[in-house]
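A closer look at the structure
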Amino acid sequence: MDPEGSRIQDDPYIQVMMAGSTLRKVKSRSWKKNRYFRLLEDGLTIWYKSRWAGRGHSTFSVTDLEAVREGHQSEVLLSIAEEFPAELCFTLVFHGRQGNLDLVAESPDEAQAWIQGVRMLIHKAQTMDEKERLDQWVWDWFHKADKNKDGKMNFKEVKKLLKMMNVEMNEDHALHLFTMADKSESGSLEIEQFVFFYKMLTQRDEVWKVFQDYSEDGEKLMLEELQSFLSVEQHEGEQSAQHAQELIERYEPSETAKKQGAMSLDGFQMYLCSQEGSIFKPEHQDLYQDMSQPLSHYFISSSHNTYLLEDQLRGQSSLEAYIQALKRGCRCVEVDCWDGYDGDPVVYHGHTLTSKILFKDVISTLKEYAFRASEFPVILSIENHCSVEQQTVMAQYLRQILGDMLQTTLLDGQVPQQLPSPQELKGKILLKAKKIGGLEEYVDETCTDEVSDEEEMANCDAEMASTEDSPEKKSKAKSKMSRELSDLVVYCKSVHFDGFEHAHSHAKCYEISSFSESKAKNVLQYLKLNLLHFRTYPSGLRTDSSNYNPQDMWSVGCQIVALNFQTAGLEMDLNDGLFRQNGCCGYVIKPNFMRDGNTQFSPDKPEEREGYKPLRLSIQVISGQQLPKVNQKEGSIVDPLVRVEIYGVPQDQAKDETSHINNNGFNPVWNETLDFTIHTPELALVCFVVEDHDKASRNDFIGQYTLPFMCIQPGYRHIHLLSKDGTAIPPSSLFVNISISELT
């Protein structure tokens, strides 16, 4: 069995990659070093090393890659463009927050072989079905375990393999499985025998028990039996009959069973492990919400200090940070603008050692990447510290580079009573900044005194002794505003917050006020109404670019909750979780009670709202599958536990966890039930966290998955775990049985 090799090794590009190439790895204008790269026999692993590094080498998987950019399509390669022509250059882009790999080939033909070859392998990895994925997984383990590369595996290699796979097994049992698989009695396993060994090792008793409950003969599920399982356990109702037929067609590997209209245990397990058998409702993964409501009726995925890849004191400002945020579905990005030395505005975190990038380059990047992940509007939040002259330069760049993408006029020529919808603004970029006057009145050509959002907020927040509240800022005279820049602001005018009474009596639909997290927390307790036109951002005290919990802000209806996208952790898991639905388009419609101006909703008293119906969430945590190792030391095996955390209105905040299982990350079984009461289901997020128990110190993170409560599929489901960075770690998963019922 060779799931990849025999089909792709004949391709000329792949042959070049397998033969190996010397490519120049580039980190900066001064750091350019030759490395020897080659594709390994598994057709999936790229191996590279320095010619002079002895035995040291590095590897990464094609599954870690998202795309290949051709030519000078990174800041690093642009900086060396005069030295190396575009036809020699390419960039490997990784999933998540991992840095890119910029490479220069020795010839255009060699560059093309790697560009086209890697693209082919990425496409293949992305389009594999469940069986091909499993075959690839088995093939990978065989190659990892076959230390002497003779195409066979002896018992000593098998024992090492079990440790690598996170399995603690006594030697007698391991030898028993080995002997059963070694049908030729040669003392070693070839690939086909290893597949049999692997199948015995991965036998899922807990899935077999569910299968047995519905299978009359214990061998297969007939169509009616599968239909009964879907109806009773998976809560599918009337559609279960047609769905049963579709599942057999899609997942049953045996042609004989298919002809009988039946599903074998293998097919049943394949269905349960597929996306259809996952915890996330398939119908909520695509765009399913009404996108014709006013912009203020949506939660909008929003980034703070978007230009930073690291911390706010010394971190690197980078165009790549904008690309990463936009491809994650972010729809509100921030640009912190300052005067450049040669009349060209720059972007960086003022009064710090963060590096600078050109404003015009940020806008060009925005034009290129704004609508790749989502077609709905992007809000460009300008943090303006520039002189009037350089503001005018900014306005010229915005018009020249973005052209018709920039929304500079009212859609129907009328002053709006409510904001236009995401649907109406598809493919448009909205500028959020200060504006001279309003949309209603004609204003003359003179400039008025204005200050920028966070500068103004810093003056309001007496408690903030931070870079945003520095003496330099406080003493700085108010800067004037360029009329040219002001005229580009239509639907997102930044205004100072003068209190809730003033806001509710005087606020216009196109006005937005910004709060730092500390100011926002101070005013939340006084809120009886929803924050319809507000943006929040992390405190300036968070110089490490850490984040605050966005759930507190969403629970009061705040639509633009800006987070440091570059910082992985719980807060970004919650953000990713909320925006995982609706086609990952960056817009999620608020619950009805937050959009209806007549409904009073207080997160502290959810029972007082009309239509209050609390629900019981019961999660039976059954088992885990092939959890990743935390400690790479040989012989180290995890002791996993599962914790379920609920985030929502204050009454819904809860967590509970299973006990830990000693020395088993491969197929731990818990069979423990965790129960929760959800008072406001529409705002709740459910987070599954797997940790390696450590009685002497803090538990180590293994994986997580976060999703909105309203997107949960009840029944027997797999949860496909994600890394700390939010990227997939197949085939690691949890197997659960979920029940949702009304609280009686």
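Residues numbered from 1 in each chain as written. Predicted model: local features only at pLDDT ≥ 70, side-chain atom pairs only at ≥ 80, totals over all residues. Heavy atoms only, no water.

Within an unreviewed UniProt entry, the label attached to the chain reads Phosphoinositide phospholipase C, and the organism entered is Astatotilapia calliptera. One UniProt comment on the chain, placed under Cofactor (unreviewed entry), says "Ca(2+)". (UniProt positions renumbered as here; feature names shortened; annotations may be inferred.)

This brings us to the overall build of the chain. A tally of regular secondary structure across the chain gives 25 helices and 30 strands. Looking at the 744 residues of the chain, the share that counts as buried comes to 56%. Across the chain, every contact between residues at least 6 apart in sequence was considered, and the portion connecting residues at least 24 apart equals 67%. By element, 48% of the accessible surface of the chain is carried by carbon and sulfur atoms, the whole surface being about 32,100 Å². (Helix = DSSP H or I, 4+ residues; strand = E, 2+ residues; numbered from the N terminus. Buried < 20%, exposed > 50% of the residue type's maximum accessible area, 1.4 Å probe, protein only. Contact = heavy atoms within 4.5 Å. Areas by Shrake-Rupley, 256 points an atom, 1.4 Å probe, with all protein chains shown as cover.)

As a further point, take helix H6 (residues 155-164). Because each turn of an α-helix spans 3.6 residues, side chains separated by three or four positions in sequence point in the same direction. For H6, the set of buried residues is Phe 155, Glu 157, Val 158, Leu 161 and Leu 162. Axial view of H6: buried residues confined to an arc of 150 degrees, hence all on one face. Where H6 begins, the capping side chain belongs to Asn 154, and its oxygen is found 3.2 Å from the backbone nitrogen of Lys 156. (Arc of directions from axis to C-beta. Polar contact = N/O pair within 3.5 Å; in protein donor to acceptor, adjacent residues only side chain to side chain.)

One pass over the structure, following the stated rule, counts 19 aromatic pairs. Ring plane angle 70 degrees and centroid distance 5.1 Å describe the contact between Phe 229 and Phe 268, whose orientation is recorded as edge-to-face. With a gap of 39 residues between them, Phe 229 in helix H10 (residues 223-232) and Phe 268 in helix H13 (residues 265-273) connect regions that are remote in the sequence. Ring centres of Phe 299 and Trp 554 lie 6.4 Å apart, and the angle between their planes is 55 degrees; on these two criteria the pair is classed as tilted. With a gap of 255 residues between them, Phe 299 in strand E12 (residues 298-303) and Trp 554 in helix H23 (residues 551-554) connect regions that are remote in the sequence. The exposure classification of Phe 299 matches that of Trp 554, with both residues buried. Among the aromatic residues, ring-to-ring pairing joins Phe 211, Tyr 214, Phe 229, Phe 268, Tyr 716 and Phe 735 into one connected group. Taking NZ or CZ as reference, Lys 183 lies 4.1 Å from the ring centre of Phe 196, over its face. Over the face of the ring belonging to Tyr 348 we find Lys 356, whose NZ or CZ atom lies 4.3 Å from the ring centre. (Phe/Tyr/Trp six-rings, centres within 6.5 Å; stacked < 30°, edge-to-face > 60°. Lys NZ or Arg CZ within 6 Å of the ring centre and 35° of its normal.)

Taking 1.5 Å per residue, 20 residues should reach 28 Å; helix H4 (residues 108-127) reaches 28 Å between its end C-alpha atoms and fits that length. All buried positions along H4 are accounted for by Glu 110, Ala 111, Ala 113, Trp 114, Ile 115, Gly 117, Val 118, Leu 121, Ile 122 and Ala 125. (Expected span 1.5 Å × (residues − 1).)

So, about the sheet that holds strand E5 (residues 65-70). Pairing is antiparallel in the open sheet, where 7 strands are placed in the order E4-E3-E2-E1-E7-E6-E5. Two strands in the sheet have a free side with no partner beyond their single neighbour: strand E4 (58-61) and E5. Each strand axis lies, on average, 30 degrees off the axis of its neighbour in the sheet, ignoring direction. Sheet analysis places strand E2 (residues 32-39) next to strand E3 (residues 45-49), joined by 4 bridges and oriented antiparallel. Residue pairing across strands places Phe 37 opposite Tyr 48, the latter belonging to E3. (Pairing = 2+ DSSP bridges. Axes fitted to C-alpha atoms, helices over the stretch in contact; angles between N-to-C directions.)

For the rest of this paragraph, the subject is the packing of helix H7 (residues 171-181) against helix H8 (residues 191-201). Their axes nearest at 9 Å, the elements H7 and H8 cross at an angle of 140 degrees. Here H7 is positioned oblique relative to H8, judged by the angle of their axes. In this structure, the crossing between H7 and H8 has a hand that is right-handed. The residues of H8 that touch H7, namely those facing Ala 174, Leu 177, Phe 178, Met 180 and Ala 181, are Gln 193, Phe 196, Phe 197, Met 200 and Leu 201. Each residue belonging to the contact of H7 with H8 can be placed in one class, and the counts come to 9 nonpolar, 1 polar and no charged. (Parallel < 35°, antiparallel > 145°, perpendicular 65-115°, else oblique. Left-handed = near helix turned anticlockwise from the far one by under 90°. Nonpolar A, V, L, I, M, F, W, Y, C, P; charged D, E, K, R; others polar.)

We now examine a positive patch on the surface. A contiguous patch of positive charge, built from Lys 147, Lys 149, Lys 156 and Lys 160, is present on the exposed surface. Judged by relative accessible area, which is 52%, Lys 147 ranks as exposed. (Patch = residues over 30% accessible without salt bridge, like charges linked within 9 Å, V, L, I, M, F, W, Y side chains within 5 Å. Salt bridge = Lys/Arg side-chain N within 4 Å of Asp/Glu carboxyl O. Lys, Arg positive; Asp, Glu negative; His and termini not counted. Charge placed at Lys NZ, Arg CZ, Asp CG, Glu CD.)

With that out of the way, let us pick up the side chain of His 385. Looking at the secondary structure, you find His 385 in the loop between strand E16 (378-384) and helix H17 (388-402). Within polar-contact distance, the side chain of His 385 engages the side chain of Asp 336 at 3.1 Å.

With that out of the way, let us pick up the pairing of E16. Here is the key point about a regular strand: its side chains alternate between the two faces of the sheet. Within E16, 7 of the 7 residues are buried, which leaves the element mostly enclosed by the surrounding structure. Looking at chain direction, E16 and strand E17 (residues 429-433) are connected through 4 bridges and run parallel. Residue Leu 380 lies in a different strand from E17, and its bridge partner there is Leu 431. Taken together, E16, H17 and E17 constitute a β-α-β crossover, and its handedness is right-handed. (Right-handed = clockwise from strand over helix to strand, strands pointing away.)

Below, the discussion takes up the environment of Trp 670. Within the element layout of this structure, Trp 670 appears in strand E26 (residues 669-678). For Trp 670, a relative accessible area of 6% gives the class buried. Remark: the alpha-carbon pair of Trp 670 and Thr 658, spanning 12 residues in sequence, is separated by 7.2 Å. Leave out the neighbours within four places in its chain, and Trp 670 touches Val 621, Ile 622, Ser 623, Gly 624, Pro 640, Leu 641, Val 642, Thr 658, Ser 659, Ile 661 and Leu 734. A polar atom in the side chain of Trp 670 sits 3.4 Å from the backbone oxygen of Pro 640.

Attention now goes to the environment of Asp 182. With respect to the secondary-structure elements, Asp 182 resides in the loop between H7 and strand E9 (188-189). Residue Asp 182 is classed as buried on the basis of its relative accessible area, which comes to 8%. Remark: the alpha-carbon pair of Asp 182 and Phe 197, spanning 15 residues in sequence, is separated by 8.5 Å. Once residues lying within four places of it in the same chain are set aside, the contact partners of Asp 182 are Gly 187, Ser 188, Leu 189 and Gln 193.

Now for the confidence of the model for the chain. Averaged over every residue, the pLDDT of the chain is 86; the share at 70 or more is 89%. Within the model, pLDDT remains below 50 along residues 1-6, and this stretch shows 14 contacts once partners closer than five positions in the same chain are excluded. (pLDDT = per-residue confidence, 0-100.)

If you look at the biggest cluster of nonpolar residues, it comprises 65 residues, and the most contacted ones within it are Val 335, Phe 359, Leu 380, Ile 382 and Leu 398. With 7 residues, H17 is the largest single contributor of residues to this core. If we ignore the near neighbours within four places in the chain, the residues touching Leu 380 are Val 333, Val 335, Ile 363, Leu 366, Leu 398, Ile 429, Leu 430, Leu 431 and Lys 432. Counting residues in hydrophobic clusters, the runner-up holds 32 residues, among them Val 621, Ile 646, Phe 709 and Leu 722. (Core = buried A, V, L, I, M, F, W, Y, C linked by side-chain atoms within 4.5 Å.)

A word on the pattern of salt bridges. Tallied over the entire structure, the rule returns 22 salt bridges. Between Arg 372 and Glu 368 there is a salt bridge, and its shortest N-O distance comes to 2.8 Å. When its relative accessible area of 41% is taken as the criterion, Glu 368 is described as partly exposed. Of the charged contacts, one joins Arg 609 and Glu 682 as a salt bridge, the two residues approaching to 2.9 Å between their closest N and O atoms. Here the residue Arg 609 occupies a position in the loop between helix H25 (592-595) and strand E23 (615-625), and Glu 682 occupies one in the loop between E26 and strand E27 (685-692), the gap between them amounting to 73 residues. Residue Glu 682 is classed as partly exposed on the basis of its relative accessible area of 33%.

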